[in-house]
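# Descriptive analysis of the structure
So you can see what is in the structure, the chains are spelled out below.
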Amino acid sequence: MDAEQLRENAHKMVDFIADYYKSIENFPVLSQVQPGYLHNLIPDSAPHHPESLQNVLDGYIDIQEKILPGVTHWQSPNYFAYYPSNSSVAGFLGEMLSAGLNIVGFSWITSPAATELEMIVLDWLAKLLKLPEDFLSSGQGGGVIQGTASEAVLVVLLAARDKALKRVGKNSLEKLVVYASDQTHSALQKACQIGGIHPQNFRVLKTDSSTNYSLSPDSLAEAISRDLTIGLIPFFLCATVGTTSSTAVDPLLALGNIAKSNGMWFHVDAAYAGSACICPEYRQYIDGVEEADSFNMNAHKWFLTNFDCSALWVKDRNTLIQSLSTNPEFLKNKASQANMVVDYKDWQIPLGRRFRSLKLWMVLRLYGLENLQGYIRNHIQLAKHFEGLVAQDLRFEVVTPRIFSLVCFRLLPPHNDEDHGNKLNHKLLDDINSTGKIFISHTVLSGKYILRFAVGAPLTEWRHVNAAWEVMQDKASALLARLSIE
Ligand SMILES: *Cc1c(COP(=O)(O)O)cnc(C)c1O
């Protein structure tokens, strides 16, 4: 690690990245390469002798010609697929600093600043979200940065499992039951698989358009009482605020009350929509979070923090620690032994961890609440505008009411269409994405194939939304014209 070499080359790299952002609209948003494309472009084995830095950096021939064609440009203003994965100057600088210091902060002693800044910054964010005080680090709870929402739900499921087993006996694992709606992210299923939950004890409760795909408290109560009668043990409920398919919002208060009266752990997954709740007018969507044992939102989705940064709060940190802590000799130290500090290794799956709070700290300080709120509101306005455009074109329909910055819509099928427009919309999606001009994704709700338009890339402006709609209209017209000829 030669400091002068770093200075010289890192400046070049920053220039390259800045130029990338300047020209980002010139690339096809969705990479158009075929599977295995890179195999023929890159040697079979690593070089024996060092290549000159000049060779790799000057002109970035390899990066320009070999890597970028295989990149899907998540930061493009014309990216509207899945959910956004934000970057920002502040997030980038924090990421850079974190890479520069390159510490491994598993225990407090391995870099006290890493642990303490994480605690403070997650307290800051909890206060912006008006989370209940029990989630703050000053009491029994606290926040921790996980890599992803998937890891967040896994660690709380393990904590909840072990807490329940302590109560009912270790032999009862196969009686433990998990509840969630059919709109819950597949990360929960994975967590159940890893956590040893019996596959038949994962209750996926049906939702439909009558509740806009939110979980009905009645159906939860019924499922729980059925399970109790046959001697099973309900122990975990996962509710979602802003589901991945359509941003459905589960009613936290009613669900939380049911979970509580059954002694269950209540986890709230707000991976995408949590960010919006820093605005007073959207905070209502997490009303009832007071009942939750844990709450998660991805700062790396829609909160200007470069991937990865998933914020998880728990009310009782000891439950996590009891499940996940180990204390080998080689990690023993005075501060940990005296229980004076938080050792985040006991709140997560891996031992090693990065100094990720720097990114979030930079974002919160360089933008401030006001700008962050403006940022969220602007995207929601853009989505609302898009929703209006779709509603005006009678060939299309908006499928579920828009709540945040996602619009679910589809092209209406001709009356005699056999599969109710599913193939039609699938074809439309492919036609749109293969232009490379924009990238959108899809979902299926009640058997209907639906297009998803998720606003949230930091560079997206009104003109991009309008242009995207034009691409969609053009492709729809062409598709319908072809159909009428056939
Ligand atoms: C994106 C998302 C997830 C998964 O996020 P990862 O951080 O990639 O694991 C889970 N739940 C919801 C509601 C999401 O939107």
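Residues numbered from 1 in each chain as written. Predicted model: local features only at pLDDT ≥ 70, side-chain atom pairs only at ≥ 80, totals over all residues. Heavy atoms only, no water.

Cut-off, in case you're wondering: UniProt positions are given in the numbering used here, feature names are shortened, and annotations may be inferred rather than shown by experiment.
For the protein, an unreviewed UniProt entry supplies the name Tyrosine decarboxylase and the organism Citrus sinensis. Word for word, the UniProt comment on the protein under Cofactor (unreviewed entry) is "pyridoxal 5'-phosphate". The record held by UniProt for the protein lists under Sequence similarities (unreviewed entry) the comment "Belongs to the group II decarboxylase family."

## Some remarks on unusual backbone geometry
So the rule is basically this: Each helix corresponds to a stretch of at least 4 residues labelled H or I by DSSP, and each strand to a stretch of at least 2 residues labelled E; elements are numbered beginning at the N terminus. Whether a residue is buried, partly exposed or exposed follows from its accessible area with a 1.4 Å probe, protein chains only, as a fraction of its type maximum: under 20%, in between, or over 50%, in that order.
Cis rather than trans, the peptide bond between F307 and D308 has omega equal to 5°. Tracing the backbone shows D308 in the loop between helix 10 (299-302) and strand 7 (310-314). If you check the backbone angles, T247 has positive phi at about 60° while not being a glycine. Mapped onto the elements of the fold, T247 is located in the loop between strand 4 (233-240) and helix 9 (252-261). A relative accessible area of 0% means that T247 is categorised as buried. With a phi angle near 60°, N339 is a residue other than glycine that sits in the positive phi range. Counting through the fold element by element, N339 comes out in the loop between helix 12 (334-337) and helix 13 (357-392). Among the residues examined, N339 registers a relative accessible area of 68% and is labelled exposed.

## Quick look at a nonpolar patch on the surface
Just so we agree on the cut-off: Nonpolar side chains (Val, Leu, Ile, Met, Phe, Trp, Tyr) within 5 Å and like charges within 9 Å form the patches, drawn only from residues with over 30% relative accessible area and no salt bridge. Under the convention used here, a 1.4 Å probe and the Shrake-Rupley method define accessible areas, while residue burial counts only the protein chains that appear. Only one rule defines a salt bridge in this text: a Lys or Arg side-chain nitrogen within 4 Å of an Asp or Glu carboxyl oxygen.
Where nonpolar side chains cluster on the molecular surface, the patch consists of V14, V89, L93, M96 and L366 and spans about 410 Å² of accessible area. Among the elements that make up the nonpolar patch, the one with the highest residue count is helix 4 (residues 89-101) (three residues). Relative to the elements of secondary structure, L366 occurs in helix 13.

## Considerations on the domain arrangement of the protein
Heads up, the condition is: Residue ranges assigned to each domain were obtained from an automatic or database domain assignment. Note on definitions: a residue-residue contact is assigned when non-hydrogen atoms from the two residues lie within 4.5 Å. What counts as buried area is the accessible surface, traced by a 1.4 Å probe, that two parts surrender upon association, with contributions from both included.
Partitioning the protein into domains gives domain 1 (3-71), domain 2 (96-363) and domain 3 (375-485). For domain 2 and domain 3, the distance between their C-alpha centres works out to 33 Å. Facing the 20 residues of domain 2 at the interface are 18 residues of domain 3. Carbon and sulfur atoms supply 65% of the area buried between domain 2 and domain 3, which totals about 1,800 Å² over both sides. Of all residues in domain 2, Y213, S245 and W302 bury the most surface against domain 3, accounting for 33% of the area lost on that side. The interface formed by domain 2 and domain 3 contains one salt bridge. Notably, a salt bridge pairs E281 with R377, separated by 2.6 Å at the nearest N-O pair.

## What to know about the nonpolar core
What counts, and what does not: Put simply, buried Ala, Val, Leu, Ile, Met, Phe, Trp, Tyr and Cys residues joined by side-chain atoms within 4.5 Å make one nonpolar core.
Core analysis: the largest hydrophobic core is formed by 69 residues, its most contacted members being F295 and W313. Top element by residues in this core is helix 13. It accounts for eight residues. Both domain 2 (96-363) and domain 3 (375-485) contribute no fewer than three residues apiece to this core. Contact partners of W313, with chain neighbours within four places excluded, come to L122, L125, A126, L129, L131, F135, G142, G143, D293, S294, F295 and M297. V144, L188, C192 and V314 belong to the second-largest nonpolar core, a separate cluster that totals 34 residues.

## Re the sheet that holds strand 5 (residues 265-269)
Put simply, the rule is: Two strands are said to pair when DSSP picks up at least two bridges between them. Convention adopted: a line fitted to C-alpha atoms gives each axis, helices being fitted over their contacting stretch, and angles between N-to-C directions are expressed from 0 to 180 degrees.
What the seven strands build is an open sheet, ordered 1-7-6-5-4-2-3; its pairing is mixed. The two strands at the open ends of the sheet, each matched to only one other strand, are strand 1 (142-146) and strand 3 (202-205). Sheet twist, expressed as the average angle between the axes of neighbouring strands with direction ignored, equals 20°. Both strand 2 (residues 176-181) and strand 3 contribute to a ladder of four bridges, which runs parallel. Of the residues in strand 3, the one forming a bridge with S181 is L205.

## Some details on the UniProt feature "modified residue: N6-(pyridoxal phosphate)lysine" (unreviewed entry) in the protein
The UniProt record annotates "modified residue: N6-(pyridoxal phosphate)lysine" (unreviewed entry) at K301. Along the chain, the position of K301 falls in helix 10. Residue classification places K301 among the buried residues on the basis of a relative accessible area of 18%. Those residues in contact with K301 that lie beyond four places of it in its chain are Y83, P84, S85, N86, A271 and Y272.

## Describing the site of the ligand
The test is simple: We call a residue near a molecule or strand when any one of its heavy atoms sits within 4 Å of it. Throughout this description, a polar contact denotes any pair of N or O atoms lying within 3.5 Å of each other; where both atoms belong to protein, one of them has to be capable of donating a hydrogen while the other can accept it, and for residues adjacent in sequence the pair is counted only when both atoms sit in side chains. Every definition here rests on a 1 Å grid over the protein atoms only: cavities are sets of points where a 1.4 Å probe fits but cannot get out, pockets are open sets enclosed by protein on both sides within 12 Å along at least five of seven lines, and lining residues have some atom within 4 Å of a point. For a cavity or pocket, the test is whether more than half of a molecule's atoms lie within 2 Å of its grid points; if they do, the molecule sits there. Under the scheme applied, nonpolar residues are Ala, Val, Leu, Ile, Met, Phe, Trp, Tyr, Cys and Pro; charged residues are Asp, Glu, Lys and Arg; polar residues are all the others, including Gly.
Every one of the 14 residues lining the ligand counts as a neighbour, but A149, S150, D269, N298 and K301 are closest to it. Contacts to the ligand include A149, whose backbone N or O atom sits 2.7 Å from an oxygen atom. Contacts to the ligand include S150, whose side-chain N or O atom sits 2.5 Å from an oxygen atom. Taken by itself the ligand offers 390 Å² of open surface, and the protein chains cover 87% of this. Here the ligand occupies the largest pocket. Among the elements of the structure, helix 6 (149-168) and helix 10 are those that each provide at least two residues to the shell around the ligand. A breakdown of the residues in the shell around the ligand according to their chemical character gives four nonpolar, eight polar and two charged.

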